[in-house]
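# Fold and contact review
Listed below are the residues making up each chain.
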Amino acid sequence: MIRCGVYLRQSDDADEDELAVGRQWNEVVEKICKPRGWEPVRYCDNDKTALGKKRKLPDRDRMLEDIEAGELQAMATWDCDRLYREPIDLEHIIDVFEANHILLATVTGDIDLSTDNGRLFARVKGAFAKAESERRSARQKSKGKQLADDGEMWVSRRPLGYEMDGTVVPHEAEAIAEAFDLYLAGHHSLMGIGRRWNELGMTTSVGNRWTHHNQIRKILENPRYAGKRAYNGVVVGDAKWEAIIEPDVWQAVNDTLAGNTRKVGPPTGRKRLLVGIALCGSCAAKEVVTTMQVAPSGRSLRLVYRCRTCFGVTKPMERADSVVMDVIVERLSRPDAEDLLVNQNSPNLAALRTEAATLRTKLETIATKWSNDELTDEQLSIMTRNTKSRLESVTVQMEDANKARLFRGITGADANKFREVGLERKRAVIDALLRITFVKSSRVGVYDPKTILCDWK
């Protein structure tokens with residue numbers, strides 16, 4: 001039986017459903033292979049273009065190699081333009097087919113590349129196909145430029161944080177905004193953000209895990225999230241969709257990224273909570289490391305923190321982490337936890353504090369008057385909205401930008417949310433608040449939580 005290579009290709013498959021190449025396969029098999037009794041062998045380059053210098057069609061190359069190796073005696077495709085678009089590719093295909101006496105069969109008719117008429121037809125058809133591709137490309141570029149000027153969304157697949165029409169996806173938008181804030185504050189590396197998103201179960205828009213720092217970098221570099229429309233990498237104006245982060249935050253992050261060509265953010269090697277933070281009480285070294293150690297009973301292995309400079313202090317990791325986490329949560333729960341966000345060096349801090357206290361009292365008074373039927377629902381809504389807006393403005397003026405990004409959302413009633421944030425943010429909060437020292441226990445081999453000293457900075 002003649003083995004026939006069936007070549008399938010679709011330039012753009014945004015949904016990755018392979019419907020187009022599936023239709024090509026069915027039509028070629030039914031109209032070419034079955035009537036001739038040929039055995040079809042599938043070769044498929046889905047979502048790949050045959051145009052341009054960067055074109056890569058690995059399955060087409062593999063099929064040509066199989067023809068040269070004598071494993072195929074015929075070749076079929078839906079149409080010639082599936083097989084080639086560039087004249088240089090056609091000339092190579094002609095050489096292979098002519099040397100191996102291969103017939104090219106298409107749904108629209110057979111082409112014998114061993115004859116001058118067959119080669120002429122293939123070249124003319126290829127020239128028309130390339131010209132049409134260039135015209136289509138020009139139309140698409142023109143349309144893309146017009147949509148960019150109008151601030152419209154134009155994407156081939158759903159972007160992270162948005163639906164195809166530009167509607168915000170809330171849980172993704174929240175994670176993206178957090179990533180911008182924490183990266184700008186210097187508390188997350190790019191892969192730290194990726195690990196955090198993987199922990200949250202948030203995948204790429206096509207359902208994959210975050211595995212490379214360049215994936216995160218492209219998100220942070222994209223002006224889309226600041227409500228800006230770009231064309232060919234250049235911002236051309238405001239977008240019509242809702243921004244996820246403020247333009248100044250996007251610009252600040254990109255200024256930081258511009259100065260770091262590859263490895264950016266804090267070190268990515270820290271995988272334990274207190275490594276590089278806790279001090280050794282025996283030698284004052286900041287060289288506490290994690291090790292595996294056999295328990296005295298020999299029954300199991302446990303993770304411990306141990307000073308690698310003097311080896312004089314060892315603490316069970318799980319218990320040490322628990323002590324520090326409890327201390328931090330207690331501090332974040334205090335009534336004055338909001339002060340952690342405040343810029344204590346602000347020249348008008350006292351006046352802002354007084355205004356903030358006055359506005360909070362005003363909100364309570366408004367609520368009381370409404371409950372006593374002294375205000376209508378409409379009056380309550382207007383007065384509350386205006387007062388809260390002013391309070392938010394005053395709060396922003398009091399805040400230290402970096403501290404706000406670090407502590408926002410994990411103070412007061414939300415203090416326990418600290419236990420849920422990513423490892424790098426936990427480490428940043430601990431390092432900002434505590435000086436941790438591991439000291440020796442008075443009894444060898446006995447764990448004492450009092451030997452984990454937590455002093456406020």
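To start, this report covers the structure provided alongside it. (Residues numbered from 1 in each chain as written. Predicted model: local features only at pLDDT ≥ 70, side-chain atom pairs only at ≥ 80, totals over all residues. Heavy atoms only, no water.)

Ordered by their spatial adjacency, three strands build an open sheet running S8-S12-S13, and the pairing between neighbours is mixed. The sheet terminates laterally at strand S8 (279–280) and strand S13 (452–456), the two strands that pair on one side only. Across five bridges, strand S12 (residues 434–438) lies against S13 in antiparallel orientation. Along S13, the bridge assignment pairs Thr437 with Leu453. Strands in contact with helix H10 (residues 317–333) are S12 and S13; relative to S13, the strand with the most contacts, it is inclined by about 25°. Sheet strands in contact with helix H14 (residues 423–433) are S12 and S13, and its direction is about 90° off that of S12. (Pairing = 2+ DSSP bridges. Helix = DSSP H or I, 4+ residues; strand = E, 2+ residues; numbered from the N terminus. Contact = heavy atoms within 4.5 Å. Axes fitted to C-alpha atoms, helices over the stretch in contact; angles between N-to-C directions.)

Quick look at the pattern of salt bridges now. The final tally for this structure, using the stated rule, is 17 salt bridges. Where Lys34 meets Glu30, a salt bridge forms, and the shortest distance between an N and an O atom there is 2.9 Å. Note that Lys34 and Glu30 are positioned in helix H1 (residues 19–36) at a spacing of four residues, about one turn of the helix. Using a relative accessible area of 54% as the deciding quantity, one classes Lys34 as exposed. Looking at Glu30, the relative accessible area reads 46%, which means it is partly exposed. The shortest N-O distance in the salt bridge between Asp238 and Lys228 comes to 2.5 Å. Here Asp238 is found in strand S7 (residues 234–238), whereas its partner Lys228 is found in strand S6 (residues 228–231), with 10 residues between them in sequence. On the basis of relative accessible area, Lys228 is assigned to the partly exposed category, the value being 24%. The network of salt bridges with shared partners includes Arg55, Arg60 and Asp89. (Salt bridge = Lys/Arg side-chain N within 4 Å of Asp/Glu carboxyl O. Buried < 20%, exposed > 50% of the residue type's maximum accessible area, 1.4 Å probe, protein only.)

Let us look at the packing of helix H7 (residues 190–200) against helix H8 (residues 213–221). Axis separation between H7 and H8 bottoms out at 8 Å; the angle between their running directions is 95°. Overall, the two elements H7 and H8 adopt an arrangement that is roughly perpendicular. Contacts between H7 and H8 involve Leu190, Met191, Ile193, Gly194 and Trp197 from the former and His213, Ile216, Arg217, Ile219 and Leu220 from the latter. Broken down by class, the residue content of the contact of H7 with H8 amounts to seven nonpolar, two polar and one charged. (Parallel < 35°, antiparallel > 145°, perpendicular 65-115°, else oblique. Nonpolar A, V, L, I, M, F, W, Y, C, P; charged D, E, K, R; others polar.)

For the coordinates displayed, the defined rule picks out four aromatic pairs. A centroid spacing of 6.0 Å and a plane angle of 25° characterise the contact between Tyr162 and Tyr225, whose relative ring orientation is stacked. Within this pair, whereas Tyr162 is found in the loop between helix H5 (116–149) and helix H6 (170–184), its partner Tyr225 is found in the loop between H8 and S6, the two being separated by 63 residues in sequence. With respect to burial, Tyr162 and Tyr225 carry one shared label: buried. A ring pair is formed by Tyr305 and Phe438, whose centres lie 5.8 Å apart and whose planes are at 40°; its orientation type is tilted. (Phe/Tyr/Trp six-rings, centres within 6.5 Å; stacked < 30°, edge-to-face > 60°.)

Turning our eyes to something else, we now look at the pairing of strand S1 (residues 3–10). With respect to burial, S1 is a largely interior element, six of its eight residues being buried. Here S1 pairs with strand S2 (residues 39–46) via eight bridges, running parallel. Among the inter-strand pairings, Arg9 is bridged to a residue of S2, identified as Asp45. For S1 and strand S3 (residues 74–77), the ladder comprises four bridges, and the chain directions are parallel. Note that in S3 the partner of Gly5 across the bridge is Met75.

With that out of the way, let us pick up the packing of H6 against helix H9 (residues 247–258). Two packed helices can be described by the angle between their axes and the distance between those axes. With their axes 10 Å apart at the nearest point, H6 and H9 run at an angle of 50° to one another. In terms of orientation, H6 lies oblique with respect to H9. Crossing angle aside, the handedness with which H6 passes H9 is left-handed. Mapping the contact onto sequence places Phe180, Asp181, Tyr183 and Leu184 in H6 and Val249, Trp250, Ala252, Val253, Thr256 and Leu257 in H9. By residue class, the composition of the contact of H6 with H9 is eight nonpolar, one polar and one charged. (Left-handed = near helix turned anticlockwise from the far one by under 90°.)

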